[in-house]
Structure formats: structure tokens, C-alpha cells
Amino acid sequence: MSLVNLETILGDARKNKYAVGAFDVSNNDMAMAVIEVAEELKSPVILMGLTIDLQGDKLKYWTDSLRDMAKKASIPVCLHLDHATDVDFIKKSIDSGFTSVMFDGSVLPIEENIKITKEVVEYAHKFNVSVEAELGHVGDGIVGNSETGAKKDDKDGYDNPDDFLTDPKEMKHFIDSTNIDALAVAIGTAHGVYVHEPKLHFDRLDTLNKISTVPMVMHGGSGTPDEALKKSIELGICKINIFSEMLTGFFTSLKELLNSKEHMAIWPSTAYAKPLEAMKDVVRAKMTLLGSKNRVK
Ligand SMILES: [Zn+2]
């Protein structure tokens, strides 16, 4: 159907109270698998690229091939740069054809986060590219040991996990000053694989939802219980980022297959078939849960 920006895809989600799944895809196989599920379910979808997968010449190849896939897809597809901190790289990504970018200034002091986010927005909007920013800080679950996934003595230096959460007092000022299109909020989820089940701060989310004039984004959707995701959508979350669960599905299946073989001279298409199906099962389940199924008429 079309290659769209984040503002377009989340506008409908916000109006009709569902969330769009945003999936990190490191290569063409992953991207095709996600698009196939989105087409099957008639769901809009956000494909995300990570800086680590895009450096050097890879940026151009990733964007060119995914733009082509998106244009041929029967559903709206947004190409979004996930978690970028380098403004030059963000501008290059916009020039290469991304339709949405995230500037992650979540560890910066707020005024600096505002200043750089604003610079990114001014550049991006000239090309009709949307911008997601982050206020508060979503930590990393795989190394974490607190309820927000942050270690007390990590480099961010927070003593109290609540210090990570998005501050309602800062929200309006941040949105009004930057003119962003979507805002990632910290409400208790974390990136990676959880060491403890996350405790989400729904009261905080409810307060943020009443203040926010833009769609809100949840990072750390993988491993967050289904009921918590549903409740978050009711309270204004419109984009949910998923990566770790896709990887777990893919590599668990690949490991099983490789362990069952005596010789490793296996055709890649044979080796990847079941793992890609396992990954597609995760994507299918998330899109259904998020309520984005059958939204494309
Ligand atoms: Zn994230």
C-alpha cells in the first residue's frame, strides 16, 4: 500500500485506541518476515533499524531494500531509525530514506535533550520525516536488577529507580519546545530480557496520557505481560517496541535445528525456514494483542 511516516501510522492508532508493533529488523529476511505477517493480518507496521546494523555502507542497502519492500506491501509500512544518539548519523539516515527517526537524549539533562531533539525535528520535518524522542530513561533489563531494569551503580547513576520514570512536570514543556511527533515514556519497562517481571507504573502513565499532545511509545515491550500491554494501550500507548522476543523465537529454533544435525553444511534457506516461522509466530501474537489486526481496509 504505502511507505508512510510515524505521524500517519500513529495518528490512526491514537484515534482508535490500539497500538502498532515496532519491530527491529537487522536484515532483509527479518524485514520480509515481519511484512508478510502484517499483510496476512491486515495490520499497519513499523520496521526499525538499529545503528549497529546500519553503519557504513549498510545504511544505504538497508534503506533502499526496505523502501522497496514497503512500497510493494499491501499495508502501510513506516521505516523508523531506533535509538539513535548521533545527530549526523540521524541526518544521514533521513537522507537515505527513513520516514521516521528516534533521537534518544534520555540520559542527557532535559534542556540539552530539548536542544538536540529540536535540531533533529527541524531537519526531519523538512522532509516529512517524523521524530520520536524519549523523556525519562528506559533501562536495560538484561543487566539490570531493579524494577526498572537499572542497576543502582550503573553509569547513569540513579539511586532510586523512580528517577528513571518520565516526569509529568517536564512533559508539556518538552513536547511544546521540541515539536516532536511521538514520545517514548519510561513507566517501568526495560530493554532486553527481564530478570524480574516488570512493575509498570500505570498511575504515572495515566497522568502522562492526560498531558501528552502526541502519541506515546513503550520501549521494552518484549517480556512485558500481555495484560500490562493491554492496559498501557488503554492509557495512551500507541507504539510498542519488540525485539528480544523475536530473537528468542528465532535463535531457540535455530539452535534446536543445528543441534539435530551432524554436519554443518546446511543450505541457509533450509536452516532459516523454521526459525523465521518461529519469529513470525511472535510477531503475529503481538500484532493480535496490540489490536492492530484488520485495521487496514
Ligand atoms: Zn528502546
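The shown structure was predicted, so the numbers you read here are calculated from the model rather than taken from an experiment. (Residues numbered from 1 in each chain as written. Predicted model: local features only at pLDDT ≥ 70, side-chain atom pairs only at ≥ 80, totals over all residues. Heavy atoms only, no water.)

**With respect to the pattern of salt bridges**
Okay, so step 1: Applying the stated criterion across every chain, the model contains 13 salt bridges.
Okay, so step 2: The partner of Lys60 in a salt bridge is Asp64, with the nearest N and O atoms 2.7 Å apart. Of the two residues, Lys60 and Asp64 both sit in helix H4 (residues 58–72), four residues apart, roughly one turn of that helix.
Okay, so step 3: Ionic pairing is found between Asp167 and Lys169, a salt bridge with its closest N-O pair at 3.9 Å.
Okay, so step 4: Take Asp167: its relative accessible area is 24%, and that puts it in the partly exposed class.
Okay, so step 5: Residue Lys169 is classed as exposed on the basis of its relative accessible area, which comes to 74%.
Okay, so step 6: Here the salt bridges do not stand alone but share partners, grouping Glu36, Glu277 and Lys280 into one network. (Salt bridge = Lys/Arg side-chain N within 4 Å of Asp/Glu carboxyl O. Helix = DSSP H or I, 4+ residues; strand = E, 2+ residues; numbered from the N terminus. Buried < 20%, exposed > 50% of the residue type's maximum accessible area, 1.4 Å probe, protein only.)

**Quick word on the pairing of strand E2 (residues 20–24)**
Okay, so step 1: Burial analysis of E2 places five of its five residues in the buried class, which makes it a mostly covered element.
Okay, so step 2: Direction of pairing for E2 relative to strand E9 (residues 237–242): parallel, over a ladder of four bridges. In the strand pairing of E9, Ala22 is matched with Asn241.
Okay, so step 3: For E2 and strand E3 (residues 45–50), the ladder comprises three bridges, and the chain directions are parallel. Paired with Ala22 across the bridge in E3 is Ile46. (Pairing = 2+ DSSP bridges.)

**Things to note about the packing of H4 against helix H5 (residues 87–96)**
Okay, so step 1: Where H4 contacts H5, the axes come no closer than 9 Å and their chain directions differ by 35 degrees. Like other packed secondary-structure pairs, H4 and H5 cross with a definite hand, here right-handed. On the side of H4, the interface is formed by Leu59, Thr63, Asp64 and Arg67, while H5 contributes Phe89, Lys92, Ser93 and Ser96.
Okay, so step 2: In terms of residue class, the contact of H4 with H5 is built from two nonpolar, three polar and three charged. (Axes fitted to C-alpha atoms, helices over the stretch in contact; angles between N-to-C directions. Left-handed = near helix turned anticlockwise from the far one by under 90°. Contact = heavy atoms within 4.5 Å. Nonpolar A, V, L, I, M, F, W, Y, C, P; charged D, E, K, R; others polar.)

**A look at the packing of aromatic side chains**
Okay, so step 1: Applying the stated criterion to the full structure yields four aromatic pairs.
Okay, so step 2: With a centroid separation of 4.9 Å and 80 degrees between ring planes, the pair formed by Phe250 and Phe251 is classed as edge-to-face.
Okay, so step 3: Measuring from centroid to centroid gives 6.0 Å for Phe250 and Tyr272, while their planes differ by 45 degrees, and the two rings are tilted. Taken together, the residues span a long stretch of sequence, with Phe250 in helix H10 (residues 244–259) and Tyr272 in helix H11 (residues 268–290) at a distance of 22 residues.
Okay, so step 4: Taken together, Phe250, Phe251 and Tyr272 form an aromatic cluster joined through their ring pairs.
Okay, so step 5: The ring of Tyr123 has Lys91 lying over it, and the distance from NZ or CZ to the ring centre is 5.3 Å. (Phe/Tyr/Trp six-rings, centres within 6.5 Å; stacked < 30°, edge-to-face > 60°. Lys NZ or Arg CZ within 6 Å of the ring centre and 35° of its normal.)

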